[in-house]
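Okay, here's what each chain looks like letter by letter:
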Amino acid sequence: MTKWRVRCTECGLERDLETGMDLSTLKGNRIYMYCPRCRRNTFHEILGRSED
Ligand SMILES: [Zn+2]
């Protein structure tokens, strides 16, 4: 699993997303997923891998 740092384009909430997918190959560098702050699906900008 890889951790990715993503940011909601609606409210700006940043969080980590753990996935087996390689998000660096996504078209437009964006992923459509649920935002807990917006409480709906929004576009999230992929900021890069989260190394920790
Ligand atoms: Zn949001």
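About the thresholds
- The numbers attached to residues start from 1 for each chain and follow its sequence in the written order.
- Totals for whole chains, interfaces and linings use every residue, but because this is a predicted model, local features are given only for residues with pLDDT of at least 70 and side-chain atom pairs only at 80 or more, for both listing and counting.
- A score from 0 to 100, pLDDT tells how confident the predictor is in each residue.
- Each helix is a run of DSSP H or I of at least 4 residues and each strand a run of E of at least 2, with the numbering of both proceeding from the N terminus.
- Burial is judged by counting other C-beta atoms within 10 Å of a residue's own C-beta: 20 or more means buried, 12 or fewer means exposed, and anything between counts as partly exposed, with every C-beta placed from the backbone.
- By the convention adopted here, residues make contact when the C-beta atoms placed from their backbones lie within 7 Å.
- Two strands pair if DSSP finds at least two bridges between them.

What follows is about the confidence of the model for the chain. Residue-level pLDDT values for the chain average 92, and 98% of them are 70 or greater. Between the elements of the chain, mean pLDDT differs from a low of 94, seen in strand β2 (residues 14–19), to a high of 96, seen in strand β4 (residues 40–49).

Along the chain, Cys-11 falls in the loop between β1 (2–8) and β2. For Cys-11, a count of 11 C-beta atoms within 10 Å gives the class exposed. Remark: the alpha-carbon pair of Cys-11 and Arg-30, spanning 19 residues in sequence, is separated by 15 Å. Those residues in contact with Cys-11 that sit more than four places away from it in its chain are Cys-35, Arg-37 and Cys-38.

What follows concerns the pairing of strand β3 (residues 30–35). Both β3 and β4 contribute to a ladder of six bridges, which runs antiparallel. If you follow Tyr-32 over to β4, its bridge partner there is Phe-43. Once β3 ends, the chain turns through four residues before running back antiparallel as β4, passing Arg-39 with a positive phi of about 60 degrees.

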